[in-house]
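# Coordinate analysis (summary)
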Amino acid sequence: MTSDLIQAALYVGLLVAAAIPLGLYMARVFTGDMTFLAPVERAILAPAGVRAGEGQHWTRYALSLIAFNAAGFLVLFLILRFQHLLPLNPQGFDGVPAHLAFNTAISFVTNTNWQSYGGETTLSHLSQMAGLTTQNFVSAASGMAVAVAVARGLSGRQVRTIGNFWSDMVRAVLYVLLPISIVLAVVLIAQGTPQTLAASATATTVEGAQQTLALGPVASQVAIKQLGTNGGGFFNVNSAHPFENPTAISNLLSVLAILVIPVAFCFTYGRMVGDRRQGVALFAAMGIMFVTAFAAVYAAERLGNPLHAAFADPAAGNMEGKEVRFGVVNSALWAVVTTAASNGSVNAMHDSLTPLGGLVAMLNMQLGEIIYGGVGVGLTGMLLFVILTVFLAGLMVGRTPEYLGKKIEAREVKLAALTLMVMPIGVLSFAALAIVAGAAQSSVQDAGPHGLSELLYAYSSATGNNGSAFAGFNANVAWHNTFLGAAMMLGRFGYIIPILAIAGSLAAKKTAPPSAGTFPTHGPVFVVLLVVTVLIVGALTFLPVLALGPIAEHVSMIAGRTF
Amino acid sequence: MTKSTTAEISLFEPRILRAAAIQAFAKLDPRGLVRNPVIFVTALVSVLATILAAREVATVGPNGFIAVQIALWLWFTVLFANFAEAVAEGRGKARADAFRATKASALAKVLVEPARRDVWQGKSLDDVVVDDIILVEAGDTIPTDGEVIDGVASVDESAITGESAPVIRESGGDRSSVTGGTRLVSDWLVVRVTARQGETFLDRMISLVEGAKRQKTPNEIALDILLAGLTLVFLFVVVTLPVFASWSSTEIPVIYLAALFITLIPTTIGGLLSAIGIAGMDRLVKANVIAKSGRAVEAAGDIDVLLLDKTGTITFGNRMADAFEPVPGVSERDLAEAAFLASLADDTPEGKSIVDLGVRKFGLSQQARVGMTFVPFTAQTRMSGVDFADGSSIRKGASDTMLRLVGGAMDMALDAIVRKIAMSGGTPLVVARDGRILGVVHLKDIVKPGIRERFAELRRMGIRTVMITGDNPLTAAAIAAEAGVDDFLAEATPEKKLELIRKEQAEGRLVAMCGDGSNDAPALAQADVGVAMNSGTPAAKEAGNLIDLDSDPTKLIEIVLVGKQLLISRGALTTFSIANDVAKYFAILPALFVTAYPGLGVLDVMGLGTSQSAILSAIIFNALVIVALIPIALKGVRYVPSSASALLSRNLAIYGIGGLIAPFIGIKLIDIIVDLLRLA
């Protein structure tokens, strides 16, 4: 117990220690103060006719992003469909079926990395490397671009532009994602993660049997899958696989890599809007929810399942679905980190979490992936809640609500209120539709409330652009591949476009200097209010269905009832 | 002077409540309801629930009794919301009716030829157009708003301002505008009509307090959007719920879903929103201020900088004698007596104040002495005084004038006194008798009592005050320090004023000011909140977005408070409304699901009687809370000027945490009664 807490505290300490300098570094990168890679930047952008520093109106910014993502989707879709005709396919895998290719392409373009397939048994090396890994980089970079554009919009003084998408995206890859993931990949290789173009190795087990071990360019994909909050593993079981996550060191580094950029963005943001405290306030609000979520999952897993008491050591907690080498604390930590950060890689099977543990993981996603969230988009998702909170709080102090001196008016409220629909539509409506159509019943593995949880988890994960799954849910059918794909698109662009529109609208506004009558958005009162707003909106939307899923499962488990 | 229109209307004025109860039903007209999305949705659901209940009763279903009750309470929710609006409107109308009663029904005397007053043609008010020239004679009620182009008359404006003393209105200058509904007491006026019918002050005032025609203000629109958004979210929640329930083979009666939906959507704030808006305008009208738009009132709450004219706002209009400062060799009493005598016949406020001070300090006799000839102040001599029959004389005037008179150089002692007075912001008035300087009367701008505290209050609210004065910087600085304003603009001209407003606005601040003269018009128009004095020129009144009928410049501060209170009331009740939902979930969810999962009974923290009584209690609470909050909506949330942080903490504690807790208690109590009455 004590050693568990020390491990968790150590993790938080390392995370913050790494995130602060990274955040300040990123602020310098995106404000154009870092120029050591300028020639490379120019070499990439010039042929496309983009001049660095040429600002775009928010509509052009958003259109560039959509066009780029659409092109990425098309290329990836084609690679997957026709991988059997393309090189680097040593296993001789067939082309991916249309609905799966659609789902997978959307999944990687939207930074979700939902995997309806088993990587090592479906995709060629080319698909994994050129297809998925490329999107792992650029989808993360797209999210980061959104965040810096929004920061610019909020700090802009009556300007029409919010930066240049192409330049932001290239900088995110060149200065941040590429260097860190190279370092991370090298360390992972040193820890034992394979990086090869060979298909597999054959080993002789202790019993003397022949075992085929799937291999491939694993380390490079693992590094960016963590760093870019992508989460799509090379292997089906993701980071529970000893090749993806061979040691305690690799486990710690992975779980750090997942959150480091999202956390760093709080500090980048503070620096970019010229008020460090604003970033710290967001960091604190997210931190409160993160720590609470971890405590809840840890407690739930540590207490375990009373129904197992007869045949498992209760002192070990709930070990079902967990790697013995990671134990309860590292599995719980990973589960919270990966669902908080919209990463979706796992080192334990979430389907086997206790009902309440699973509930927290699910709720992390249903809140809109804003507990640090995905790279860049986690911050902007939180800013949407900030706008709603500021609106309510602003009214309560008797002034037209303002954030960073910008008045929040009908247009901003309309856009922010629009994003409140994303989660209910993506999760509630799509899941209900699946039940009505009968698609849910055939895909879940378990009866009773846990089956409902499996369904909900899938749609929460897709809409939240997370990508992790309750393994009992068979998503690889046409219905779910299609609707999960739609949910991922909704969850990505349903947030990005409104927040860019808000950024554009705020950029054009005057900035009022703060006074004693201005409601301060950096104090503890605001932080608490923000957390409460997030929780109340999330709880009001999802409490009924959670009551029927994990909560019902929990109370039934306590009562000794199984399904 | 008496105020007649600002009479307090009781919150529970039976006449208004009775009319409102009838109005609540009249307002079920869907064309009106649709203006309020949340309540419109509630009405639609009520219709659905009525049909369901009727079917249940017709088929003698098991839920007939409860269904009828739910349908009834849903209708009550709508009616209560209508009632809240109707009460606010009723109070506004009561006030407006008082104004409307004064509107002339008589014919307007339209002059055929402006030059000839004897030929006029009676026109009904509806036919009078802008730029018609009309004649108003003693005893007439002025038919509509206009500008005096000829004549001088005294006008009784008590109908709109409540001031019983008549005021002078004349052509040219700053007192040339007349308001429809006021009455001419003496003489005659020729007036050019400036307002179209339906756009006069009275019409504007009436439209502000009548809900149906009321324009929503920007923040209200934004809030409406948020509430509509939340309603949609809950629509998704409730519509999908039976599907998820079917997973565990639970069937939820549609009427329960309807009840759940209505308790979740923000009906409390939705029902009170328009009442809050109307009541805010009403408070403004009560303060005798007319807003040309609701937008201006909201903007008043956002003000960062307040420009206040020194004269009349910060100080009493006139300088008053404060002390006698004799030069060496002259006694204070001698100086006082000389100044006293020189001022006896002086009608200016300064002169009177010297006499007052003399009486107060030395008990000098007010009786006019024989053989005194008063020498009035003229622009040429720039001094005034008195000549005695014996040939001696006393003169008072500015120091340079007086030095010229006595032909001497400035002596050290006098110079010191004059400087000291000037430094302190006062005006030195030098007194000389028979060519010899006796000393100086210290004339001082007297800062209004209490104004310093007012400014401190504004500072806590984050509002900066800037004093505008024509005085020199030295004088201005001294008064500014004494009054406690944050900044001042000395030697102000209309151009400088305009420039200052533009500068503040460029820095992102919102500026409020008041003014009355035509030369104030550009600044009034430029300011975010411009309060024109009713006594001012039509140009000023046209340029401002608020008009103060009392022509009291300190009113600006009150207007700011009204604006803030309006926003706070909305924010606080919204928070309350949303926080309420938590308890409603704890009442309704276990009631719906406990059959499928008995363990979910743990969510029933209130220990409610039965599933049916839980749902019924929640919907009853939801309806009653609207009624319970009507007084707060009408009076506005209590507003103590303080910093934003302090305000937020206070309102969060009351309306946020209170909103979380109150329904737990309320629903439990209602549930006990429901059980006692065996309603479910």
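Report on the accompanying structure.

Another point: empty space enclosed by the protein. One water molecule sets the probe size; rolling that probe over the atoms shows where empty space is left. Residue and element names in this part refer to chain A. Scanning all chains against the criterion turns up 4 cavities of 30 Å³ or more. There is about 150 Å³ of room inside the largest cavity. What lines the largest cavity is a set of 18 residues, and nearest its centre among them are Gly-368, Val-377, Asn-465, Gly-491 and Tyr-495. Elements with a minimum of two residues in the lining of the largest cavity: α13 (377-396) and α18 (478-507). Among the elements that take part in the lining of the largest cavity, α18 stands out by supplying 5 residues, more than any other. Its residues assigned to classes, the lining of the largest cavity comprises 5 nonpolar, 11 polar and 2 charged.

In this section: the interface of chain A and chain B. If you look at the interface, chain A gives 62 residues, while chain B gives 62 residues. Roughly 5,000 Å² of surface becomes buried between chain A and chain B when both sides are summed, with 78% attributable to carbon and sulfur atoms. By the criterion of area lost to chain B, the three top residues of chain A are Met-396, Leu-540 and Leu-548 of chain A, representing 15% of everything that side buries. Linking chain A with chain B are 11 residue pairs in polar contact (both at pLDDT 80 or more), by the criterion used here. Listing elements by their share of the side of chain A that touches chain B, those giving two or more residues are α13, α14 (410-419), α15 (422-437), α16 (439-443), α17 (448-463) and α19 (524-558) of chain A. In terms of residue count, the dominant contributor to the side of chain A that touches chain B is α19 of chain A (15 residues).

With that out of the way, let us pick up the packing of α17 of chain A against α18 of chain A. Two measures define how a pair of helices packs: the angle their axes make with one another and the distance between the axes. All names here are of chain A. Running from N to C, α17 and α18 cross one another at 40°; their axes reach a closest spacing of 7 Å. With respect to α18, the element α17 is oriented oblique. On α18, the residues that touch Leu-455, Ala-458, Tyr-459, Ala-462 and Thr-463 of α17 are Trp-479, His-480, Phe-483, Leu-484, Ala-487, Met-488 and Gly-491. Tallied by class, the residues present in the contact of α17 with α18 amount to 9 nonpolar, 3 polar and no charged.

Conventions we followed
- Residues numbered from 1 in each chain as written.
- Chains lettered and ligands numbered in written order.
- Predicted model: local features only at pLDDT ≥ 70, side-chain atom pairs only at ≥ 80, totals over all residues.
- Heavy atoms only, no water.
- 1 Å grid on protein atoms, 1.4 Å probe; cavity = no way out; pocket = protein on both sides within 12 Å on 5 of 7 lines; lining within 4 Å.
- Points joined across faces, edges and corners; volume = space filled by probe spheres on them.
- Helix = DSSP H or I, 4+ residues; strand = E, 2+ residues; numbered from the N terminus.
- Nonpolar A, V, L, I, M, F, W, Y, C, P; charged D, E, K, R; others polar.
- Contact = heavy atoms within 4.5 Å.
- Buried area = accessible area lost by both parts, 1.4 Å probe.
- Polar contact = N/O pair within 3.5 Å; in protein donor to acceptor, adjacent residues only side chain to side chain.
- Axes fitted to C-alpha atoms, helices over the stretch in contact; angles between N-to-C directions.
- Parallel < 35°, antiparallel > 145°, perpendicular 65-115°, else oblique.

Worth remembering: the numbers are spatial, not functional.
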